[in-house]
2 protein chains.
Amino acid sequence: MTEKKQSSNVVWHQATVDRKMRETLNGHKGAILWFTGLSGSGKSTLAHAVEDALHGLGARTYVLDGDNIRHGLCGDLGFSDAARVENIRRIGEVSKLFLEAGTIALTAFISPFRADRDRVRGLVEDGDFFEIYCKCDLAVCEERDVKGLYKKARSGEIPEFTGISSPYEAPENAEIVVDTAQQTLDECVAAVLAVLREKGVIQAA
Amino acid sequence: MTEKKQSSNVVWHQATVDRKMRETLNGHKGAILWFTGLSGSGKSTLAHAVEDALHGLGARTYVLDGDNIRHGLCGDLGFSDAARVENIRRIGEVSKLFLEAGTIALTAFISPFRADRDRVRGLVEDGDFFEIYCKCDLAVCEERDVKGLYKKARSGEIPEFTGISSPYEAPENAEIVVDTAQQTLDECVAAVLAVLREKGVIQAA
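Residues numbered from 1 in each chain as written. Chains lettered and ligands numbered in written order. Predicted model: local features only at pLDDT ≥ 70, side-chain atom pairs only at ≥ 80, totals over all residues.

> Sorry, what's going on with the sheet that holds strand E5 (residues 176-179) of chain B here?
Sheets are built from strands paired through backbone hydrogen bonds, the pairs being either parallel or antiparallel. Residues and elements named next belong to chain B. Pairing is parallel in the open sheet, where five strands are placed in the order E2-E3-E1-E4-E5. A single partner strand is all that each edge strand has here, and the edge strands are strand E2 (61-65) and E5. Along the sheet, successive strands turn relative to each other by an average axial angle of 20°, direction set aside. By the bridge criterion, four bridges tie strand E4 (residues 129-135) to E5 in an arrangement that is parallel. (Pairing = 2+ DSSP bridges. Helix = DSSP H or I, 4+ residues; strand = E, 2+ residues; numbered from the N terminus. Axes fitted to C-alpha atoms, helices over the stretch in contact; angles between N-to-C directions.)

Laid out in structure tokens, this is it:
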């Protein structure tokens, strides 16, 4: 930090802690882990389990999901097409801020449209964005129906519900695919961590 | 992390890394340092200098300012009254996310209206929010006019410019007041750090 005597003609020196410096302090790289999949496919659970594992390794992490976004940053948005696009846009921009802060940001939203996910990918550099497809048959998600949403969607109480009355566009080039109907949670977590090690986000064990 | 064999009838265990766990890992508390003051009062420079000092102490920090917010998260907002309120609202919500992530979030926006700042304060618990008033005479800010904005405001090229054609509501109960026209940058940084130590955000030196 450089000090300059303040006067009306002197501009203070601008100190800047950058992403690289934060990553050095943290001992790992920043990244965006973007979990996508149907309602009930286990996105949020997996994101939190991956965070738990990363935190256990000393990494700086944060999960963005419905719990902390819907009533806060995106509390003004409804469920129109435009609102859904804006919702994902804002989440993408916030993920980017966490990335620049040297954090591993994990997001858990259905994010059904390829274009919306690709727009977030386009905000950051190659290697910063990991699309994680939580693959799970609709029948399995609907049978689970943990929140009772599929029942409401089938009855028409919830309109435009992904998988029922609105499309889910599966990723075509996801960095990671897990099958949450077939794999255990630990297997899915291990699959994600293996890729993060391989790509140098975290150090090899 | 608890593993449960996945089946359509079993809900995966939900792991949760919370703020307290992140703060323990970081060795300091999360906080929001909200710098407010006229254009040219040194908010952004001081915020970055405080970040630099905190980073040097090993703290996890992130500065939100015009550079990373205006073209990103708030790139859709204009300068109407409603847009300005929404701008500060979103910045407040993002600061809260960084706070929950165990980070010291520093924000550097004019944020001229008391009601907008108080709304952000109300989002978090007592002791999480530090309003830092960068006090500086309008005449000094205008004489500096680093970005040439005051000249444009006086000529009417920029309408509703804070201090010229739109009011600045100075904080009445700011946690920290610095006089950037009278104090050196290092003095201002030291004043902020002293309060953070006193309030237990960072450890005493």
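> Is there a simple way to explain the interface of chain B and chain A in this structure?
By a widespread convention, an interface's size corresponds to the accessible area lost as its parts come together. Taken together, the 48 residues of chain B in the interface contact 48 residues of chain A. Per-element tally for the side of chain B that touches chain A: the top contributor is helix H2 (residues 43-56) of chain B, with seven residues. (Contact = placed C-beta atoms within 7 Å.)

> Quick question: what am I supposed to make of the relation of the copies chain B and chain A here?
Copy one and copy two of the chain differ by a rotation about an axis and a translation along that axis. Screw-axis analysis of chain B against chain A gives a translation of 0.0 Å along the axis, an RMSD of 0.0 Å, and a rotation angle of 180°. The operation mapping one copy onto its partner corresponds to a two-fold rotation axis. Closest approach to the rotation axis among the C-alpha atoms of chain B is made by Val94(B), whose C-alpha sits 3.6 Å away. Comparing interface residues between copies, 100% of those in chain B also sit at the interface in chain A, which points to an isologous, same-surface contact. (Least-squares fit on C-alpha atoms with pLDDT ≥ 70 in both.)

> Honestly, unusual backbone geometry in this entry has me stumped. Any pointers?
Negative phi values dominate among residues other than glycine, just as trans dominates among peptide bonds. Residues and elements named next belong to chain B. In this model, serine 111 sits at a positive phi of 35°, which is unusual for a non-glycine residue. Tracing the chain through its elements places serine 111 in the loop between strand E3 (104-108) and helix H5 (114-123). Note on serine 111: 25 C-beta atoms within 10 Å, which makes it buried. At aspartate 145, a residue that is not glycine, the phi angle is positive and equals roughly 40°. Structurally, aspartate 145 is set in the loop between helix H6 (138-144) and helix H7 (149-155). In this structure aspartate 145 comes out as partly exposed when scored by C-beta crowding, with 16 C-beta atoms within 10 Å. (Buried ≥ 20, exposed ≤ 12 C-beta atoms within 10 Å, placed from the backbone.)

> What is the right way to look at the nonpolar core in this model?
Soluble, globular proteins show a tendency: their nonpolar side chains are buried together. Core analysis: the largest hydrophobic core is formed by 98 residues, its most contacted members being Leu33(A), Val50(A), Leu33(B) and Val50(B). Excluding its chain neighbours within four sequence positions, the residues that come into contact with Val50(B) are Leu33(B), Leu106(B), Val189(B) and Val192(B). (Core = buried A, V, L, I, M, F, W, Y, C linked by C-beta atoms within 7 Å.)

> Can you walk me through the sheet that holds strand E4 (residues 129-135) of chain A in this structure?
Residues and elements named next belong to chain A. Strand order in this open sheet of five strands is E2-E3-E1-E4-E5, and the pairing throughout is parallel. For this open sheet the edge positions go to strand E2 (61-65) and strand E5 (176-179), each flanked by a neighbour on one side alone. With direction set aside, neighbouring strand axes in the sheet form an average angle of 20°. Sheet topology places E2 next to strand E3 (residues 104-108); five bridges connect them, and they run parallel. Counted as the bridge partner of threonine 61 is isoleucine 104 from E3. Sitting on the sheet, helix H2 (residues 43-56) touches strand E1 (31-36), E2, E3 and E4, and the angle it makes with E2 is about 170°.

> What is the right way to look at the packing of helix H3 (residues 66-73) of chain A against helix H4 (residues 81-100) of chain B in this model?
If you want to describe how two helices pack, look at the angle between their axes and the distance between the axes. At a minimum axis separation of 10 Å, H3(A) and H4(B) run at an interaxial angle of 155°. Here H4(B) runs roughly antiparallel to H3(A), going by the angle between their axes. Read as a crossing pair, H3(A) and H4(B) show a hand that is right-handed. Of the residues in H4(B), those in contact with Asn68(A), Gly72(A) and Leu73(A) of H3(A) are Arg90(B), Glu93(B), Val94(B), Lys96(B), Leu97(B) and Glu100(B). Of the residues in the contact of H3(A) with H4(B), the class split is three nonpolar, two polar and four charged. (Parallel < 35°, antiparallel > 145°, perpendicular 65-115°, else oblique. Left-handed = near helix turned anticlockwise from the far one by under 90°. Nonpolar A, V, L, I, M, F, W, Y, C, P; charged D, E, K, R; others polar.)

> What is the right way to look at the pairing of E3(B) in this model?
For a regular strand, side-chain orientation follows a simple rule: the groups alternate between the two sheet faces. All names here are of chain B. Burial runs high along E3: five of the five residues are buried. Both faces of E3 are covered, namely the face carrying Ile104, Leu106 and Ala108 and the face carrying Ala105 and Thr107. As defined by bridge partners, strand E1 (residues 31-36) adjoins E3 across five bridges and the pair is classed as parallel. Bridge assignment links leucine 33 to a residue of E3, and that residue is leucine 106.

The values reported here are purely geometric and, on their own, carry no functional implication.
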